[in-house]
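# Understanding the architecture of this molecule
So the chains spell out like this:
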Amino acid sequence: MQEWVQDTGLITGISNIEIEETVPGKYPVNKLEITDRAKIISVQVIPVGAYVIAAEGRVDIKGYLGKESVVFLKYGGPVIVSKVNREVNKVSSLYDGITTEGWYWIEDKRMRRAYLLDKKIFLELVTRVSDYEFR
Amino acid sequence: MSSVDLLLPIWESYRLFKDSSVVTKRALKREWESPEEQKYFFDGTEFRSDTMSEAAESVDRSIQSIEDLMILSLYATFERYIIECLQEKGEAIKGKSPEWLYVKLYLRFENSIERGSLDEVFSWFKNAKVIDDELCESLKKTKTYRDWIAHRNPKRKPQEISDPATVYTILSTAIEKIDSAVNIH
C-alpha cells in the first residue's frame, strides 16, 4: 500500500499500535498513515483483526469522511454448497469476483461483488474516505 | 415481495445514513461565505453549539451506534423470517383429526419454534444440505456477535467480529437458499 501512494505526492508513515482480539489477546501491528504536505488530509490504514466472520482478516481505511474495509479472502471466498429442489449440488461463493487468495474490497452498493485490492482500488478508497483527488 | 427483500429496507436505510454522514462531514468542513450562512445551515440541529470537530466526532460516534443497531435489526428480521417460515410449514398439521389433539400439538410446536434455539434450526438446514458448513458456521457466529451487541456480556465475548455489510450478505444468502429449498411445491 505504501508503494501504491509513492508516486502520488502523498506522504506515508508507519507506526506501531496494539490491537486486541478475543482469541489471541493483545498484539502489535503496523498502522499506515497517509497525509499530504499541507496536512489537509489524513488517512489511516488500520488492521482490525484476523478473527472476523466470513473472512480471514480485516483492515479498515479511515479518513475524515468515514471508513472502508478490505478483507482477506481465500480462493473462491467462503464457499457455499447448496442443494436446491433435490438437484445436484451447486457451488457458489458468498462473494462474486474472487479469483485468487488476497485482500478484497466488497462494494456495498452491489453486495457480494468483491474487487481484488490493487493500486487503482486502493487510491479510490482513499478518495472515498477523504475526498482527496489524485491527479 | 421476495423474502430476500425483507432485509433490503434496513440495508438501504443504513447506506443512506452512511451517505448522509458523508454529506454532513463535507458541510462541516466547508468554508462558508459568511457566519450567517453557516448558522442558517446548522440552525435547529444537534450541531448548533458544537465546534466543527465536536460535530464531526458526534457523527463518528453515531455511525458506530447505527452499525450496531443495523446488525440487531437485520438479525431480528432474519429471525422472524425463519420463525414464520417454519410455523407456516407446521400449519400442515392443523385441521387433522382429531382436531382437539392437533390444535394442541400445533400450539406446542408454534411455541417451541418461537422460543427454541436457532442454532438447532441452522443445523437442520445444514444436514439437509440447504446450506453448507461454512454458511451454517457464519450464521451461528453472526448470532453470537448479535448477542454480544445486544447484551455486552463479558463472559460471552465473541471470538470473531463482524460488520453490517457482512451480516447483510450472510443473512440474505441464507434467506435465498432457505427460501428456494422450503418452498417446493
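Residues numbered from 1 in each chain as written. Chains lettered and ligands numbered in written order. Predicted model: local features only at pLDDT ≥ 70, side-chain atom pairs only at ≥ 80, totals over all residues.

### Observations concerning the overall build of chain B
We count it as follows: Helix numbers and strand numbers start at the N terminus; a helix is a DSSP run of H or I with at least 4 residues, a strand a run of E with at least 2. Our radius of gyration looks at C-alpha atoms and nothing else; its globule reference is 2.2 Å times the residue count to the power 0.38. Exposure criterion: with C-beta atoms placed from backbone coordinates, a residue whose C-beta has 20 or more other C-beta atoms within 10 Å is buried, one with 12 or fewer is exposed, and one in between is partly exposed. Residue pairs are scored as contacts if the distance between their C-beta atoms, which are placed from the backbone, is within 7 Å.
Scanning chain B from N- to C-terminus turns up seven helices and zero strands. For chain B, the N- to C-terminal ordering of α and β elements is α-α-α-α-α-α-α. Relative to the 2.2 N^0.38 estimate, which gives 16 Å for 185 residues, the radius of gyration of chain B is 23 Å and therefore markedly larger than a compact globule would have. With respect to the principal axes defined by its C-alpha atoms, chain B has extents near 80 × 35 × 30 Å. In chain B, which comprises 185 residues, the proportion classed as buried is 22%. Of the contacts formed within chain B by residues at least 6 apart in sequence, a portion of 69% connects residues at least 24 apart.

### Observations concerning the nonpolar core
Across soluble globular proteins, nonpolar side chains have a tendency to be buried as a group. Note the threshold: As used throughout, a nonpolar core is a set of buried Ala, Val, Leu, Ile, Met, Phe, Trp, Tyr and Cys residues joined through C-beta atoms within 7 Å of each other.
Grouped together as the largest cluster of nonpolar side chains are 51 residues, with contacts concentrated most on Val 70 and Tyr 104 of chain A together with Leu 74, Leu 171 and Ala 174 of chain B. With eight residues, helix 7 (residues 164–182) of chain B is the largest single contributor of residues to this core. Beyond its immediate stretch of four places on either side in the chain, Ala 174 of chain B contacts Ile 131, Leu 135 and Leu 139 of chain B.

### Points about the sheet that holds strand 5 (residues 66–73) of chain A
Note: strands within a sheet are paired through backbone hydrogen bonds, in either parallel or antiparallel orientation. Residue and element names in this part refer to chain A. Here is the rule we go by: The pairing criterion for strands is at least two bridges between them, as found by DSSP. Note on geometry: axes are C-alpha line fits, over the in-contact stretch for helices, and angles between N-to-C directions span 0 to 180 degrees.
The sheet built from seven strands is open, its strands ordered 1-2-3-4-5-8-9 with antiparallel pairing. Strand pairing shows two members of the sheet lacking a second neighbour, strand 1 (11–21) and strand 9 (113–116), which therefore form its edges. Direction aside, the axes of adjacent strands within the sheet are offset by 30° on average. In the sheet, strand 8 (residues 102–107) pairs with strand 9 via four bridges, with the strands oriented antiparallel. Residue pairing for strand 9: Tyr 104 is matched across the bridge by Leu 116.

### Regarding the environment of Glu 176 of chain B
Relative to the assigned elements, Glu 176 of chain B resides in helix 7. Expressed as a C-alpha distance, the spacing of Glu 176 of chain B and Leu 28 of chain B, which sit 148 residues apart in the sequence, is 41 Å.

### Concerning helix 3 (residues 52–90) of chain B
One turn of an α-helix holds 3.6 residues; hence residues three or four places apart share an orientation. All names here are of chain B. The test is simple: To estimate how far a helix should reach, multiply one less than its number of residues by 1.5 Å.
Taking 1.5 Å of rise per residue, the 39 residues of helix 3 would be expected to cover 57 Å, and the 57 Å separating its terminal C-alpha atoms lies within 8% of that figure. Inspection of helix 3 places Met 70, Ile 71, Leu 74, Tyr 75 and Phe 78 among the buried residues, and these make up the whole buried set. The elements touched by buried residues of helix 3 are helix 1 (8–29), helix 6 (133–151) and helix 7.

### Describing the packing of helix 3 of chain B against helix 6 of chain B
Residues and elements named next belong to chain B. Where we set the bar: Each angle receives one of four descriptions, namely roughly parallel if under 35 degrees, roughly antiparallel if over 145, roughly perpendicular if within 65 to 115, and oblique otherwise. Take the far helix as your reference; a near helix turned counterclockwise from it by less than a right angle gives a left-handed crossing, and one turned clockwise gives a right-handed crossing. Residues were grouped as follows: Ala, Val, Leu, Ile, Met, Phe, Trp, Tyr, Cys and Pro as nonpolar; Asp, Glu, Lys and Arg as charged; and all remaining residues, including Gly, as polar.
Following both chains from N to C, one finds helix 3 and helix 6 inclined at 125°, their axes separated by 10 Å at the closest point. Between helix 3 and helix 6, the angle falls in the class oblique. Of the two elements, helix 3 crosses helix 6, and the hand of that crossing is left-handed. Between helix 3, through Asp 68, Ile 71, Leu 72 and Tyr 75, and helix 6, the contact on the second element is made entirely by Thr 142, Arg 146, Ile 149 and Ala 150. For the contact of helix 3 with helix 6, the class distribution of residues is five nonpolar, one polar and two charged.

### Some words on unusual backbone geometry
With an omega of 5°, the peptide bond between Ser 97 of chain B and Pro 98 of chain B qualifies as cis. Tracing the sequence through the fold places Pro 98 of chain B in the loop between helix 3 and helix 4 (99–115). For Lys 39 of chain A, which is not glycine, the phi dihedral falls at a positive 55°. Turning to its location among the elements, Lys 39 of chain A is positioned in the loop between strand 2 (25–35) and strand 3 (42–49). Look at Arg 152 of chain B: it is not a glycine, yet its phi comes out positive at around 50°.

### Some details on the pairing of strand 1 of chain A
Looking along a regular strand, one sees the side chains alternate between the two faces of the sheet. Residues and elements named next belong to chain A. Within strand 1, only zero of the eleven residues are buried, leaving the element largely exposed. As judged from the eleven bridges shared by strand 1 and strand 2, these two strands associate in the antiparallel manner. Directly across from Gly 13, in strand 2, lies its bridge partner Glu 33. Turn length for the strand 1-strand 2 hairpin, with the two strands adjacent in sequence and antiparallel, is three residues.

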